[in-house]
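Here is what each chain is made of, one letter per residue.
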Amino acid sequence: QVQLVESGGGLVQAGGSLRLSCAASGRTFSRYTMGWFRQAPGKEREFVAAITWRDVSTYYTDSVKGRFTISRDNAMNTVYLQMNSLKPEDTAVYYCAAADTIFIFTTPGKYAYWGQGTQVTVSS
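No experiment lies behind these values; they were computed from the predicted model shown.

**A few points about the state of the cysteines**
So, point 1. Counted by the stated rule, this structure contains one disulfide.
So, point 2. The disulfide partner of Cys 22 is Cys 96, and the S-S distance across this bridge is 2.1 Å. Classification of the bridge connecting Cys 22 and Cys 96 rests on its S-S torsion, roughly -80 degrees, and on that basis the disulfide is left-handed. Pair noted here: Cys 22 is in strand β3 (residues 18–25) and Cys 96 is in strand β9 (residues 92–99), with a separation of 74 residues, a long-range link. Per residue, the accessibility class of Cys 22 equals that of Cys 96, and both read buried.

Dropping the structure here:
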């Protein structure tokens, strides 16, 4: 069982930066693939980035490549999403998720555990 709590969201101007954190409980955190998803009003939840536990591979959706960086600290049971050069279209509730797998998945249904979400608002 894994419990996830996100933090770090807020209001930022376009071009600014935020770092989201996701604190996980559970002794097996280090063996989960961790993902970040986001959901804007009226839209479906979409994949943003993910990181594996074994070889620390990462994968990003095209719209955030070069701007966002996902990382993890297994000793701290925490995964991060550094977001730079933010755009108004990045505005959404951002969710952290965990999947008991060595692979990266971009489909929300593959992730068994979810946080409550943190709001990110980028003003133009």
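Here the narrative resumes.
**Section: the side chain of Thr 78**
So, point 1. Position of Thr 78 among the secondary structure elements: in strand β8 (residues 78–83).
So, point 2. On the basis of relative accessible area, Thr 78 is assigned to the buried category, the value being 10%.
So, point 3. Reaching out from Thr 78, the side chain makes a polar contact with the backbone oxygen of Met 76 at a distance of 2.9 Å.

**Regarding the nonpolar core**
So, point 1. Leu 4, Met 34, Trp 36, Leu 81, Met 83 and Tyr 94 are the most contacted members of the largest nonpolar core, which has 29 residues in total.
So, point 2. Every element with two or more residues in this core is listed here: β3, β4 (33–39), β5 (46–51), β7 (68–73), β8, β9 and β11 (118–123).
So, point 3. In terms of nonpolar packing, the next biggest core, distinct from the first, is built from six residues, Phe 37, Phe 47, Ala 50 and Ala 97 among them.

**So, the pairing of β8**
So, point 1. Counting buried positions along β8 yields five of six residues, so the element is predominantly enclosed.
So, point 2. Looking at chain direction, β3 and β8 are connected through six bridges and run antiparallel. Paired with Cys 22 across the bridge in β8 is Val 79.
So, point 3. With six bridges joining them, β7 and β8 adopt antiparallel strand pairing. Within β8, the position partnered with Thr 69 by the bridge is Gln 82.
So, point 4. Between the end of β7 and the start of β8, which pair antiparallel, lie four residues, with Asn 77 showing a positive phi angle near 55 degrees.

**Examining the packing of aromatic side chains**
So, point 1. On inspection of all chains with the given rule, the structure shows seven aromatic pairs.
So, point 2. Geometrically, the ring pair formed by Tyr 32 and Tyr 113 is edge-to-face, given 6.0 Å between the ring centres and 70 degrees between the ring planes. One end of the pair, Tyr 32, is in the loop between β3 and β4; the other, Tyr 113, is in strand β10 (residues 113–114), and 81 residues separate them in sequence. The same class applies to Tyr 32 as to Tyr 113, namely buried.
So, point 3. Feature note: the residues Phe 37, Phe 47, Tyr 59, Tyr 95, Tyr 111 and Trp 114 constitute an aromatic cluster, connected by ring pairs.
So, point 4. In this structure, Arg 45 packs its charged tip against the face of Tyr 95, placed 3.7 Å from the ring centre.
So, point 5. Positioned over the ring face of Trp 114 is Arg 45, at 4.8 Å from the centre of the ring.

What counts and how
- Residues numbered from 1 in each chain as written.
- Predicted model: local features only at pLDDT ≥ 70, side-chain atom pairs only at ≥ 80, totals over all residues.
- Heavy atoms only, no water.
- Disulfide = S-S within 2.5 Å.
- Helix = DSSP H or I, 4+ residues; strand = E, 2+ residues; numbered from the N terminus.
- Buried < 20%, exposed > 50% of the residue type's maximum accessible area, 1.4 Å probe, protein only.
- Polar contact = N/O pair within 3.5 Å; in protein donor to acceptor, adjacent residues only side chain to side chain.
- Core = buried A, V, L, I, M, F, W, Y, C linked by side-chain atoms within 4.5 Å.
- Pairing = 2+ DSSP bridges.
- Phe/Tyr/Trp six-rings, centres within 6.5 Å; stacked < 30°, edge-to-face > 60°.
- Lys NZ or Arg CZ within 6 Å of the ring centre and 35° of its normal.

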